[in-house]
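Understanding the architecture of this molecule
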Amino acid sequence: MTVEQKVSGRTEMTDAADATAPATVIDADIDMDRAIEALLMVADEPQSVMGIATALGTPVKQVSATIERLVADYDGEGGGVRRGFELREVGGGWRMYVREDYDDVVAAYVSEQNPSKLSQAALETLAVIAYKQPISRGAIASIRAVNVDSVVRTLVGRGLVTELFTDSETGAINYGTTDLLLQQLGINSLDELPPISPLLADGSEGFDDDVR
């Protein structure tokens, strides 16, 4: 299936939205390609065509056409430069990703830039993921009662946590630990993690189910 078919297929059932655009509409003179590009650059979760259209007060068809152009642009179609990143459709939405060709380069850079020790916040977040995986960032934040976006990115960058799958209904990315974590802990599987219940005040605080 072509990019055009993917994008167009998602808009056939949302054409009515064009007639009910939000009251707040962006400047008509703004470069739509760059506006959508800017939103996708800061998005931590896949963004649906409808969601982007709503955020920008722009017709769904215009957003779909823009995404199609951006995908082609980043892929170097038409004689352009093939970028080191790409716009990928995941879980019914669109998100920026490092192009697979450069995964090793980015991994090496992140590894060199990060300090050897994890912060307390990172350790706590890692523990939540290890015991509750697969788990979304929203669920982690609910358990820790703080925003965990940057911490999760750090753990992913360190290779201790990875994206497992994207929820088909919510679009939320679910995370889990990697084999590297097992190596760092010196264990063969997560089953060897120590029971956490004895360490909690009432045996369940922060972990409402399946506590080991």
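Conventions used here
Residues numbered from 1 in each chain as written. Predicted model: local features only at pLDDT ≥ 70, side-chain atom pairs only at ≥ 80, totals over all residues. Heavy atoms only, no water. Pairing = 2+ DSSP bridges. Helix = DSSP H or I, 4+ residues; strand = E, 2+ residues; numbered from the N terminus. pLDDT = per-residue confidence, 0-100. Contact = heavy atoms within 4.5 Å. Buried < 20%, exposed > 50% of the residue type's maximum accessible area, 1.4 Å probe, protein only. Core = buried A, V, L, I, M, F, W, Y, C linked by side-chain atoms within 4.5 Å. Axes fitted to C-alpha atoms, helices over the stretch in contact; angles between N-to-C directions. Salt bridge = Lys/Arg side-chain N within 4 Å of Asp/Glu carboxyl O.

1. Some words on the pairing of strand 4 (residues 161-166)
Regular strands place side chains that alternate from one sheet face to the opposite one. Relative to strand 5 (residues 173-177), strand 4 runs antiparallel, the two sharing 5 bridges. Bridging from a neighbouring strand, Glu163 pairs with Tyr175 of strand 5.

2. Concerning the confidence of the model for the chain
Looking at the chain as a whole, the pLDDT averages 81, with 77% of positions reaching at least 70. Across residues 13-24, where pLDDT falls below 50, the model places 12 contacts with residues more than four positions away in sequence or in other chains. Predicted confidence is poor over residues 203-212, with pLDDT under 50, and the contacts of this stretch with residues over four places away or in other chains come to 21 contacts.

3. What to know about unusual backbone geometry
Residue Pro134 follows Gln133 across a cis peptide bond; omega there is -5 degrees. The residue Ala145 is not glycine, and still its phi comes out positive at about 65 degrees. Within the element layout of this structure, Ala145 appears in the loop between helix 7 (137-144) and helix 8 (149-157). With a relative accessible area of 67%, Ala145 lands in the exposed category.

4. Considering the nonpolar core
Ile36, Ile52, Val63, Ile67 and Leu87 are the most contacted members of the largest nonpolar core, which has 17 residues in total. Mapped onto this core, the elements with two or more residues apiece are helix 2 (32-42), helix 3 (49-56), helix 4 (60-74) and strand 2 (93-98). Ignoring any residue separated from it by four or fewer positions in sequence, one finds Val63 in contact with Ile36, Val49, Ile52, Ala53 and Thr58. One finds Leu126, Ile140, Val148 and Val151 within the second-largest nonpolar core, a separate group that totals 15 residues.

5. With respect to the sheet that holds strand 5
Judged by pairing direction, the sheet is antiparallel, and its 3 strands sit side by side in the order 3-5-4 without closing on themselves. Unpaired on one side and paired on the other, strand 3 (135-136) and strand 4 mark the two borders of the sheet. Sheet strands touched by helix 6 (residues 120-132): strand 3, strand 4 and strand 5. Its angle to strand 5, the strand with the most contacts, is close to 95 degrees.

6. Overview of the pattern of salt bridges
One side chain can pair with another of opposite charge once the charged atoms of both are near each other. This model, assessed by the stated rule, comprises 11 salt bridges. For Glu163, the salt bridge identified is with Arg95, shortest N-O distance 2.9 Å. Highlighted residues: Glu163 in strand 4 and Arg95 in strand 2, separated in sequence by 68 residues. By sharing partners, the salt bridges in this structure join Asp75, Glu86, Arg88 and Arg99 into a single network.

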